[in-house]
Amino acid sequence: MNLDCVHIGFEVISFFEKENFSSFKMANTILNEQTGVVDFFEKENDFVDFQQTLKINQHIAAENRVEYGDFQTNTQLTEQICTLLKNKNINPKILLEPTCGKGNFILSAIKTFPSLQQIFGIEIQEKYLWQLKFELLEYFLQNPTANKPQIHLYHCNVFDFDFKQVKNRIKNHELLVIGNPPWVTNATLSTLNSTNLPEKSNFKNAKGIDAITGKGNFDIGEFISLKMLELFSKENGHFAFLIKNSVIKNIVFEQKKNNYPIAEIEKHTINAKKEFNAAVDASLFFCKFNTTPEFTAKEFDFYSSKQSVSLGWVNNKFASDIEKYKKYQHLDGVCPFEWRQGIKHDCAKIMELERINGGFRNALGEEFELEEDLVYGILKSSDLKEDTIDRSRKYTIVTQKKIGEETSQILERLPKTRDYLLRHKEHFLNRKSSIYNGKPMFSIFGVGDYSFKPYKVAISGLYKQTKFTLIKPNGTVLLLDDTCYFIGFDTFEEAQKIQNLLNQPETQEFIESFMFTDSKRAITKDLLMRIGFKNRHITLKNNQLTVW
Ligand SMILES: C[S@@+](CC[C@H](N)C(=O)[O-])C[C@H]1O[C@@H](n2cnc3c(N)ncnc32)[C@H](O)[C@@H]1O
């Protein structure tokens, strides 16, 4: 089969992907129905060769898709976005699409804005630029009288691109920076060993434990958005980028520090499942350049233009629903207790146990005996569904009472536990996180005196629900894993009072007013530490808590 110089378009490729023909005969029947061509594949070998070529391409395409955060915006959406901008009386002379892909934004902009004089498009995947060039040729062949801006297309890495050449040509003309930057995080890229990253890859400046545990994680789209704002927000013009909601939240959050001259900030929520078949929350981020800085964004439904809430800064505090926040801001403060994360072991197969036949069973299905000394019941996020809990489904081995404690001596006394752990030493040695480097064998994290407080008020860090659960001991103290946050108490009464205060409608509404449900982790320690209990019958003197 000779496919040299044959261009197989995206639609054709996705047609074959979707149909996934299981036989030569079936392919020919369906292709005959679709095209009228009799014996589309003359020989069975042609069909097999074609399937093979497609498979190799699919594999490369799938890898590229992840690495390049490649979610091309469909024409209908790019046209709707350009129309929304036109309805705001935006008439750009210069357009910049910093990661233009196959260029649907560029094509829609040419059709929508007759004012355009120059267009700049940058893209790392060459095939897309070729597709765009041929589509432009086709468009202008069909529409010879259409406005024809000068179009500069660069096959280039946006992180290496010298934006001076765009800046030099702006000369006070109205600019529109438009697009949809890659949807991928630096963490994903590092698992792919990809170099598709800006040089300054720790641009969040996360240090120490924060860098290890992910506070330094960022979306490539966030880096590119901030770069655009840094470079162009002093020009006359506008910015319209499709980005994840979490990135929009971060841009508005960082605006306090960055103070970019941007205003009229808007977030228009799209249905990313429908538009991109992607399970993320995303929106069109819009703002005006070269104006007095603003620090809040109005939220709209993209399709109905209906306004919902506003997010952003109020009196030096950040809120997801400004109106609601204003009602409850008297509760904002610093929590008098320290919210803690539960136990982290990164060794679920060996450390998550069930009780069975008087002994234990691990996630590998092995059954064995252990001394009871280091065994504690442990609750995970998914267990925190009830108002009060006093038993656990799972158990774990608490090898240390505080971080860094030597484990060898304790284990000396407990031969069954020691043998079990030693038998699975490899699992501990293979833990990826660098927090375990140089620590005693079988080390765990998220452990301290607070872990062993008998009563706890806890919440899941994985789910978006804001109800708090009271944990009571049942013979022994129950622990929580690192997907949960908790405060420990010595008495039931104290724990119950705090749980009641936290679950009051007023507190719940307050939490909702600054929680971002579309973040990957909506409940964080930072969020919990903002629940100040001001004037709420609590005093903490000399480390002694009084709840009254
Ligand atoms: C989410 S897609 C969107 C494409 C286009 N903006 C659109 O709206 O259809 C992101 C695009 O960024 C491109 N890309 C990824 N990394 C890039 C880089 N380092 N430099 C330039 N383009 C890049 C991808 O190839 C892909 O075409």
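The structure displayed is predicted, hence computed values, not measured ones.

Calculation notes
Residues numbered from 1 in each chain as written. Predicted model: local features only at pLDDT ≥ 70, side-chain atom pairs only at ≥ 80, totals over all residues. Heavy atoms only, no water. Salt bridge = Lys/Arg side-chain N within 4 Å of Asp/Glu carboxyl O. Buried < 20%, exposed > 50% of the residue type's maximum accessible area, 1.4 Å probe, protein only. Patch = residues over 30% accessible without salt bridge, like charges linked within 9 Å, V, L, I, M, F, W, Y side chains within 5 Å. Areas by Shrake-Rupley, 256 points an atom, 1.4 Å probe, with all protein chains shown as cover. Helix = DSSP H or I, 4+ residues; strand = E, 2+ residues; numbered from the N terminus. Near = heavy atom within 4 Å. Polar contact = N/O pair within 3.5 Å; in protein donor to acceptor, adjacent residues only side chain to side chain. 1 Å grid on protein atoms, 1.4 Å probe; cavity = no way out; pocket = protein on both sides within 12 Å on 5 of 7 lines; lining within 4 Å. Sits in = over half its atoms within 2 Å of the grid points. Axes fitted to C-alpha atoms, helices over the stretch in contact; angles between N-to-C directions. Parallel < 35°, antiparallel > 145°, perpendicular 65-115°, else oblique. Left-handed = near helix turned anticlockwise from the far one by under 90°. Contact = heavy atoms within 4.5 Å. Nonpolar A, V, L, I, M, F, W, Y, C, P; charged D, E, K, R; others polar.

Caption draft 1: Here's a closer look at the pattern of salt bridges. Per the counting criterion, the structure on display carries 27 salt bridges. Across the salt bridge formed by Arg418 and Glu412, the nearest N and O atoms sit 3.8 Å from each other. By relative accessible area, which is 23% here, Arg418 ends up partly exposed. Residue class for Glu412 comes out exposed when judged on its relative accessible area of 53%. Across the pair Asp419 and Arg418 runs a salt bridge, and its minimum N-O distance is 3.5 Å. What emerges from the salt-bridge pattern is a single network uniting Glu354, Arg361, Glu367 and Lys394.

Caption draft 2: Representation of a nonpolar patch on the surface in the model. A surface patch of nonpolar side chains, amounting to about 470 Å² of accessible area, comprises Trp130, Phe134, Leu137 and Leu141. Within the secondary structure layout, Trp130 lies in helix 6 (residues 126-142).

Caption draft 3: Highlighting the site of the ligand. Contacts to the ligand come from 24 residues, most closely from Thr73, Glu97, Thr99, Glu123 and Asn196. In the environment of the ligand, a nitrogen atom lies 2.7 Å from a nitrogen or oxygen atom belonging to the backbone of Thr99. The contact in question runs from an oxygen atom of the ligand to an N or O atom on the side chain of Glu123, over 2.6 Å. Contact with the protein chains hides 100% of the accessible area of the ligand, taken as 590 Å² for the molecule alone. Of the pockets mapped on this structure, the ligand occupies the largest cavity.

Caption draft 4: Spotlight on the packing of helix 10 (residues 220-232) against helix 11 (residues 245-258). Between helix 10 and helix 11, whose axes approach to 10 Å, the crossing angle comes to 40°. Taken together, the axes of helix 10 and helix 11 are oblique relative to one another. Like other packed secondary-structure pairs, helix 10 and helix 11 cross with a definite hand, here right-handed. Within the contact between the two elements, helix 10 uses Gly221, Glu222, Ser225, Leu226 and Leu229 and helix 11 uses Val247, Asn250, Ile251 and Asn258. The class makeup of the residues in the contact of helix 10 with helix 11 is four nonpolar, four polar and one charged.

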